[in-house]
Amino acid sequence: MIDFERLKTAMGELDNDTVVALLEKLMAEGGEGADQALAACQEGMNTVGDLFESGEYFVADLIFAGELMTQAMDIIKPAIVASAGGNVGKMLLCTVQGDMHDIGKNIVKAMLEAGGVEVVDLGIDVAPEAIVKAAKEQGVKVIGLSGVLTLAIDSMKATVEAFKKAGLRDDVKILIGGAPVTGEYCSYVGADAWSLNAAKGVEICRSWLN
Ligand code: B12
């Protein structure tokens, strides 16, 4: 088993070589502990965020962190996306308007697909009206909204409002996720459910689609 504390520190220090070496070791040993590795990488990203806020890291470091996190996920993805089997249906997923962060969304997407859910990925910075339009066109009843910035909460709320305005709110189930999301925000947004945990999100979507 690899040293997860070391992985977290290496991620926070943007030590590319150590992160890759540790994750490749984990995969070479059969992939056990991939979930813990994902959590350690996320904690490392929190360190990056803290150092950015305190002025020690700059936007260029955030960009590098994003690339490193993507690379890390590509290595361990085969071990975290355990297949739940059986196609259960189709849903929409995107990062909401104003937010360009997509690493978390892409992890959720990979896990949904492995869990038998067909995902229509609308990408990043998606306007509420575009989400409603896509839901109509695709005949989709489950919507997953991702957001990492605080402002994403208001975009999520605007998306729910757009479904109401289109007279479709009762026809769809809306799940929100991403770092700032809480139960309180879920009520504020008017979503049906929330989760910070990708695996839990897959469970919720599968139950709605079933
Ligand atoms: C990498 C990064 C970037 C990269 C993103 C690259 C990319 N392709 O995504 C780049 C460089 C583009 C970036 C830009 C910016 N960033 Co940035 N970024 C980060 C950083 C370091 C990591 C984010 C990340 O990928 N985390 C790892 C993933 C795996 O975690 P996650 O997104 O939370 O997803 C998990 C769960 O939340 C959940 N989940 C996510 N979505 C969903 C959806 C559903 C439906 C479900 C069920 C679950 C779920 O599952 C995932 C897997 O477990 C964070 C710091 C942090 N603490 O996270 C700052 C951070 C998010 N960024 C921040 C800021 C300020 C910015 C900029 C404004 C900087 C600037 N001055 O330009 C811009 C904003 C651009 C924009 N409009 O979006 C702030 C946000 C502050 C705030 N509260 O609003 C943070 C918190 C850093 C900080 N502490 O200051 N950033």
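The structure under discussion appears in the preceding block.
The structure reproduced in this document is the subject of the present report. (Residues numbered from 1 in each chain as written. Predicted model: local features only at pLDDT ≥ 70, side-chain atom pairs only at ≥ 80, totals over all residues. Heavy atoms only, no water.)

## Comments concerning a nonpolar patch on the surface
To be explicit about the condition: By definition, no residue in a patch forms a salt bridge, and every one has over 30% relative accessible area; like charges are joined within 9 Å, nonpolar side chains (Val, Leu, Ile, Met, Phe, Trp, Tyr) within 5 Å. Using the Shrake-Rupley algorithm and a 1.4 Å probe, accessible areas are obtained, with residue cover drawn only from the displayed protein chains. Criterion for a salt bridge: a side-chain nitrogen of Lys or Arg within 4 Å of a carboxyl oxygen of Asp or Glu. Put simply, DSSP marks the helices as runs of H or I at least four residues long and the strands as runs of E at least two long, and each gets a number from the N terminus on.
A contiguous nonpolar surface patch, about 330 Å² in accessible area, is contributed by Phe 52, Val 59, Leu 62 and Ile 63. Ranked by the residues each element gives to the nonpolar patch, the list is headed by helix α4 (residues 59–80), at three residues. Relative to the helices and strands, Leu 62 is located in helix α4.

## Overview of the packing of helix α6 (residues 128–138) against helix α7 (residues 152–165)
This is how it is decided: To obtain each axis, a line is fitted to C-alpha atoms, and for helices this fit is confined to the stretch in contact; angles are then taken between N-to-C directions over 0 to 180 degrees. Oblique is the label for any angle not under 35 degrees, not over 145, and not in the 65 to 115 range, which are roughly parallel, roughly antiparallel and roughly perpendicular in turn. The handedness criterion is simple: a crossing whose near helix is rotated anticlockwise from the far helix by less than a right angle is left-handed, and one whose near helix is rotated clockwise is right-handed. Here, two residues are considered to be in contact whenever any of their heavy atoms come within 4.5 Å of each other. Polar here means any residue other than Ala, Val, Leu, Ile, Met, Phe, Trp, Tyr, Cys and Pro, which are nonpolar, and Asp, Glu, Lys and Arg, which are charged; Gly is therefore polar.
Packing of α6 against α7 brings their axes to within 8 Å, and their N-to-C directions diverge by 45°. Classified by the interaxial angle, the pair formed by α6 and α7 is oblique. Considering the relative orientation of α6 and α7, their crossing is right-handed. Contacts from Pro 128, Ile 131, Val 132 and Ala 135 of α6 reach α7 at Ser 155, Ala 158, Thr 159, Ala 162 and Phe 163. By residue class, the composition of the contact of α6 with α7 is seven nonpolar, two polar and no charged.

## Thoughts on the pattern of salt bridges
Applicable threshold: Only protein chains enter the accessibility calculation, which uses a 1.4 Å probe; a residue whose area is less than 20% of its type maximum is buried, one above 50% is exposed, and one in between is partly exposed.
If you walk through the whole model with that rule in mind, you get nine salt bridges. Notably, a salt bridge pairs Lys 25 with Glu 29, separated by 3.1 Å at the nearest N-O pair. Accessibility expressed as a relative area gives 39% for Lys 25, which makes it partly exposed. Here Glu 161 makes a salt bridge to Lys 164, at a shortest N to O gap of 3.7 Å. Remark: Lys 164 and Glu 161 occur in helix α7; sequence separation between them is three residues, near one turn of the helix. Each of Glu 5, Lys 8 and Glu 43 takes part in salt bridges that share partners, so that together they form one network.

## Section: the sheet that holds strand β2 (residues 117–121)
Two modes of strand pairing occur in sheets, parallel and antiparallel, and in both the strands are linked by backbone hydrogen bonds. Stated precisely, the cut-off is as follows: Note: two strands are recorded as paired if DSSP finds a minimum of 2 bridges between them.
The strand order β2-β1-β3-β4-β5 describes an open sheet built from five strands, whose pairing is parallel. The open sheet terminates on both sides in strands that have one partner only, identified here as β2 and β5 (193–195). Strand-to-strand twist in this sheet, taken as the mean axis angle between neighbours without regard to direction, amounts to 25°. For strand β3 (residues 142–146) and strand β4 (residues 173–177), the ladder comprises five bridges, and the chain directions are parallel. Paired with Gly 144 across the strands is Leu 175, a residue of β4.

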